[in-house]
Amino acid sequence: METPGLVVHGEAEPFSTALRSLINNPQYSDVRFVVGQEQREVFAHRCLLACRCNFFQRLLGMEPGSGVPSPVVLSTVPAEAFLAVLEFLYTNSVKLHYHSVSPMSRGLGGKSWGYKRWEEFMHHVCAEGQGKLPFALQPPNLQVLEVLTAAVEYGLEELRELCLEFVVKVLDVELVCEALQVGVTFGLGPLQERCMTFIEAHSQEVLRTRGFLELSAAALLPLLRSDKLCVDEAELIRAARSWARVGAVEQIVEAWKCHALQRGHAARGALCRRRKGTVPREHHRFLDLPFK
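**So, the overall build of the chain**
Here comes step 1: For the chain, the count of helices and strands is 14 helices and three strands.
Here comes step 2: Counting only residues that meet the buried cut, the chain has 41% of its 292 residues in that class.
Here comes step 3: Considering only contacts in the chain between residues 6 or more positions apart, those separated by 24 or more positions represent 67%.

Set out below in structure tokens:
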């Protein structure tokens, strides 16, 4: 009868450190990536990626031919975010960062603007700023939302959950609209709900961020329909006008119509009511009248 064995474990830290030294190390690597718009070269190891991630297993499943293999081009993921994904695949851990910059180069929500174009637009729409932007433009840096996006695209559920947990902990005025856009783009319902709750509680500050102006129509419309925003209606209209682009105005009008006049199944027989943050005005006395 075979004697049952006992699994013993060595120290995890030296093992993790050794594997971390292989990240983007050309020595012994057998696959080369060209990553991001900057076309940065990144080295990795085929067997490790394939056994850790089904996406890479499919991507790298073909046997390499003779000679020097062609690089694998991944142009949609920023290089730093891709390296963070590799760190997780190699070591099962990752160091996440929060930087208050928008992932504009990736064009979330269908927008893909350079910083120069963004700055010109902000000078155009922020007339009250007298030629000055209401916030400082910063160079692009790695942020947790970029890693979260990559985790979703590569099907890395554990990394996705770690990123979501981190986002919820660091959620603030500058990050919340970007997080909401990621949640809408990839159908992350719990993230959308947390972002909506945060925006409703900090409406005035959020409306002044560039992240608000970057929202897609699909992300913006639920905000316009909410009656829990702590902001006066006039200020919300100004913010929406700043956001508006060609082709989006009709959607904004429709959202306002839904908010003020909708008689759907949830609102039948209900009284009209002001948004939570709207300043009282004389004409609001008419809102006390029931629907006829």
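What follows continues from the structure just given.
**A few points about the packing of helix H1 (residues 12–20) against helix H4 (residues 79–91)**
Here comes step 1: Contact geometry of H1 with H4 gives a least axis separation of 9 Å together with a crossing angle of 140 degrees. Here H1 is positioned oblique relative to H4, judged by the angle of their axes. As H1 packs across H4, the resulting crossing turns out to be right-handed. Residues Ser16, Leu19 and Arg20 of H1 lie in contact with H4, whose contacting residues are Glu87, Tyr90 and Thr91.

**Quick word on the environment of Phe212**
Here comes step 1: Within the secondary structure, Phe212 sits in helix H11 (residues 210–214).
Here comes step 2: Residues Phe212 and Glu174, spaced 38 residues apart in sequence, show a C-alpha to C-alpha distance of 9.1 Å.
Here comes step 3: Residue contacts for Phe212: discarding those within four places in its chain leaves Cys177, Val206, Leu207, Leu220, Leu223, Ala239, Ala240 and Trp243.

**Re the pattern of salt bridges**
Here comes step 1: Scanning the entire structure with this criterion turns up six salt bridges.
Here comes step 2: Salt-bridge contacts for Glu80 lead to Arg40; the nearest nitrogen and oxygen are separated by 2.6 Å. Separated by 40 residues along the polypeptide, Glu80 in helix H4 and Arg40 in strand E2 (residues 40–44) bring together distant segments of the chain.

**A few points about the packing of aromatic side chains**
Two measures describe an aromatic ring pair: the distance that separates the ring centres and the angle between the ring planes.
Here comes step 1: Taken as a whole, this structure holds six aromatic pairs when the rule is applied.
Here comes step 2: On the numbers, 5.9 Å between centres and 75 degrees between planes, the contact of Phe33 with Phe56 is edge-to-face. With a gap of 23 residues between them, Phe33 in strand E1 (residues 31–35) and Phe56 in helix H3 (residues 54–59) connect regions that are remote in the sequence. There is no split in this pair, since Phe33 and Phe56 are both buried.
Here comes step 3: Across from the ring centre of Phe88, 5.3 Å away, lies the NZ or CZ of Arg52, which sits over that ring.

**Observations concerning the pairing of E1**
Here comes step 1: Taken across its five residues, E1 has four buried, putting it largely inside the fold.
Here comes step 2: With five bridges connecting them, E1 and E2 associate as antiparallel partners. If you follow Phe33 over to E2, its bridge partner there is Val42.
Here comes step 3: Joining the antiparallel neighbours E1 and E2 is a turn of four residues, in which Gly36 adopts a positive phi near 75 degrees.

Rules used in this analysis
- Residue numbering note: each chain is counted from 1, following its sequence as written.
- Reporting in this predicted model follows two pLDDT cut-offs: at least 70 for local features of residues, and 80 or more for side-chain atom pairs to be given and counted; totals over whole chains, interfaces and linings ignore these cut-offs and use all residues.
- Note that water and hydrogens are dropped before the side-chain values are worked out from all heavy atoms of the structure.
- Elements are defined by DSSP. Helices are runs of H or I of four residues or more, strands are runs of E of two residues or more, and each kind is numbered from the N terminus.
- Each residue is assigned to one of three classes by its accessible area relative to the maximum for its type, calculated with a 1.4 Å probe on protein chains only: buried under 20%, partly exposed between the two thresholds, exposed over 50%.
- When checking whether two residues touch, look at their non-hydrogen atoms; a contact exists if any pair is within 4.5 Å.
- Note on geometry: axes are C-alpha line fits, over the in-contact stretch for helices, and angles between N-to-C directions span 0 to 180 degrees.
- Angle categories are assigned with fixed cut-offs, so that under 35 degrees is roughly parallel, over 145 is roughly antiparallel, 65 to 115 is roughly perpendicular, and the rest are oblique.
- Here a crossing is called left-handed whenever its near helix is offset anticlockwise from the far helix by less than a right angle, and right-handed whenever the offset is clockwise.
- The salt bridge criterion pairs a side-chain nitrogen of Lys or Arg with a carboxyl oxygen of Asp or Glu, the two atoms within 4 Å.
- Ring pairs are drawn from Phe, Tyr and Trp, using the six-membered ring of Trp, whenever the two centres fall within 6.5 Å, and their geometry is named by plane angle: stacked under 30 degrees, edge-to-face over 60, tilted for the rest.
- Two conditions define a charge located above a ring, namely a distance within 6 Å from the ring centre to NZ of Lys or CZ of Arg, and an angle within 35 degrees of the ring normal.
- When DSSP finds two or more bridges between a pair of strands, those strands are recorded as paired.

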